[in-house]
Amino acid sequence: MATRFRVPVAMAAGLAVAFGPVAIIAQADPPAAVVADPSLHLQGVQNARDIGGYRTTDGRIVRTGLVYRTGQLNNATPEDLAALTGRRVRSVHDLRTVYERALGPDRVPAGATAHWADVIGQAPPEVIATTLTGGDGLYRAFITAPGANEAFASVLRDLIGADGAVLFHCTAGKDRTGWTAAVLLTLLGVDRATVTEDYLLSNRFRNASENDPLNGVQGSWLDAAFDQVDRTYGSFDAYVRDGLGLTGADIAALRDRLLG
């Protein structure tokens, strides 16, 4: 398993979303794959963290300071926005539906360009209804819903040539954002067990139990997405190539920029 330094994760304060506060639930120690504090320490933005620091199966390290994952930015404080500007965030990718964006418009840090790519807006209504609650059906739709591949691919392509850091988010920063991070880390060569541990950190950063579908995440959901990748495309590599449309040159450039 890939390793980071095992230390407690500092909890981001003010983890409120537009739909109500997150319940506080005691959590176990973070997994061994947690870096020395990946938190961005933002006050009004939940689940905000750097996804760098992991070791790949070939011994390289995912660079820090280049890719951030968060919840929605509608409650970002002036101090939060200044902190993101200080971290050289130059692209913000919003993966929410038009309805979610209307409920909580983003506050974008100075110097950053906003991008919008709706992951599930073209999915069946019953899938869209699970946007905030997760579940196997939602995660399978990340692979099968019209427009989903284009949305995820837009983030990955931007990472290749970005002049600065890229931030991507959905509403809670746990489902659409979680799959984006899982795809990226897998593409970079991080092993599956560590990818899952990183995904499950949303429970800690959101003070949630995995048995709380509104606020937490479950490993089985991520497994469902990977299973759908195999069912639809035959393999993860084929999903990246035929689903997301990334070429060998794209992948090489992505790895070159994000791996040290």
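Scroll up to find the structure.
One structure accompanies this document, and this report is about it. Model, not experiment: these values are computed from the prediction.

**Focus: the environment of Glu 100**
- With respect to the helices and strands, the residue Glu 100 is situated in helix 2 (residues 98–103).
- For Glu 100, a relative accessible area of 5% puts it in the buried group.
- In the structure, Glu 100 is positioned 71 residues away from Thr 171 in sequence and 7.4 Å away in space, judged by C-alpha atoms.
- Apart from residues no more than four positions distant in its own chain, Glu 100 is found in contact with Thr 131, Leu 132, Thr 171 and Arg 176.
- For Glu 100, the side chain forms a polar contact with the side chain of Thr 171, separated by 2.5 Å.
- Polar contacts involving the side chain of Glu 100 include one to the side chain of Arg 176, which spans 2.8 Å.

**Focus: the packing of aromatic side chains**
- Applying the stated criterion across every chain, the model contains nine aromatic pairs.
- Among the aromatic residues, ring-to-ring pairing joins Tyr 139, Phe 142, Phe 152, Tyr 199 and Trp 221 into one connected group.
- The ring of Phe 205 carries Arg 49 above its face, with NZ or CZ at 5.2 Å from the centroid.

**Regarding the layout of surface pockets**
- Within this model, the largest pocket holds a volume of roughly 210 Å³.
- Lining the largest pocket we find 14 residues, and of these Thr 186, Leu 187, Phe 236, Asp 237 and Arg 255 sit closest to its centre.
- Considering only residue class, the lining of the largest pocket consists of seven nonpolar, two polar and five charged.

**Considering the pattern of salt bridges**
- On inspection of all chains with the given rule, the structure shows 12 salt bridges.
- For Asp 94, the salt bridge is made with Arg 101, and the minimal N-O distance between the two is 3.0 Å.
- Under the relative-accessibility criterion, Asp 94 is labelled buried at 1%.
- You can call Arg 101 partly exposed: its relative accessible area is 29%.
- Measuring nitrogen to oxygen at the nearest pair gives 3.0 Å for the salt bridge that ties Asp 242 to Arg 241.
- By relative accessible area, Arg 241 is classed as partly exposed at 49%.

**A short note on the environment of Asp 198**
- Considering the arrangement of structural elements, one finds Asp 198 in helix 7 (residues 192–205).
- Residue Asp 198 is classed as buried on the basis of its relative accessible area of 2%.
- Along the sequence, Asp 198 and Ala 182 sit 16 residues apart, while their C-alpha atoms lie 8.1 Å from each other.
- The residues contacting Asp 198, other than those within four sequence positions of it, are Arg 49, Tyr 54, Arg 69, Ala 181 and Leu 185.
- Within polar-contact distance, the side chain of Asp 198 engages the side chain of Tyr 54 at 2.8 Å.

**A closer look at unusual backbone geometry**
- Positive phi is not limited to glycine here, since Asn 47 has a value of about 55 degrees.
- Within the secondary structure, Asn 47 is located in the loop between strand 2 (20–21) and strand 3 (49–50).
- Exposure remark for Asn 47: the relative accessible area of 0% places this residue in the buried category.
- Phi at Asn 207 takes a positive value of approximately 50 degrees, unusual for a residue other than glycine.
- Mapped onto the elements of the fold, Asn 207 is located in the loop between helix 7 and helix 8 (219–233).

**Digging into helix 10 (residues 248–258)**
- Among the residues of helix 10, those classed as buried are Ile 251, Leu 254, Arg 257 and Leu 258. Buried residues along helix 10 cover an arc of 135 degrees about the axis, so they all sit on one side. Exposed residues lying more than 90 degrees from the buried face of helix 10 are Gly 248, Ala 249 and Asp 256.
- Looking at the buried residues of helix 10, the elements they touch are strand 4 (67–70), helix 5 (148–161), helix 6 (176–188) and helix 9 (236–243).

**Some words on a nonpolar patch on the surface**
- Among the surface-exposed residues, Val 98, Tyr 99, Leu 103 and Trp 116 lie close enough to one another that they form a single nonpolar patch of about 450 Å² accessible area.
- Examining the composition of the nonpolar patch, we find that three residues originate from one element, helix 2, more than from any other.
- Mapped onto the elements, Tyr 99 comes out in helix 2.

Reading guide: rules and limits
- Residues numbered from 1 in each chain as written.
- Predicted model: local features only at pLDDT ≥ 70, side-chain atom pairs only at ≥ 80, totals over all residues.
- Heavy atoms only, no water.
- Helix = DSSP H or I, 4+ residues; strand = E, 2+ residues; numbered from the N terminus.
- Buried < 20%, exposed > 50% of the residue type's maximum accessible area, 1.4 Å probe, protein only.
- Contact = heavy atoms within 4.5 Å.
- Polar contact = N/O pair within 3.5 Å; in protein donor to acceptor, adjacent residues only side chain to side chain.
- Phe/Tyr/Trp six-rings, centres within 6.5 Å; stacked < 30°, edge-to-face > 60°.
- Lys NZ or Arg CZ within 6 Å of the ring centre and 35° of its normal.
- 1 Å grid on protein atoms, 1.4 Å probe; cavity = no way out; pocket = protein on both sides within 12 Å on 5 of 7 lines; lining within 4 Å.
- Points joined across faces, edges and corners; volume = space filled by probe spheres on them.
- Nonpolar A, V, L, I, M, F, W, Y, C, P; charged D, E, K, R; others polar.
- Salt bridge = Lys/Arg side-chain N within 4 Å of Asp/Glu carboxyl O.
- Arc of directions from axis to C-beta.
- Patch = residues over 30% accessible without salt bridge, like charges linked within 9 Å, V, L, I, M, F, W, Y side chains within 5 Å.
- Areas by Shrake-Rupley, 256 points an atom, 1.4 Å probe, with all protein chains shown as cover.

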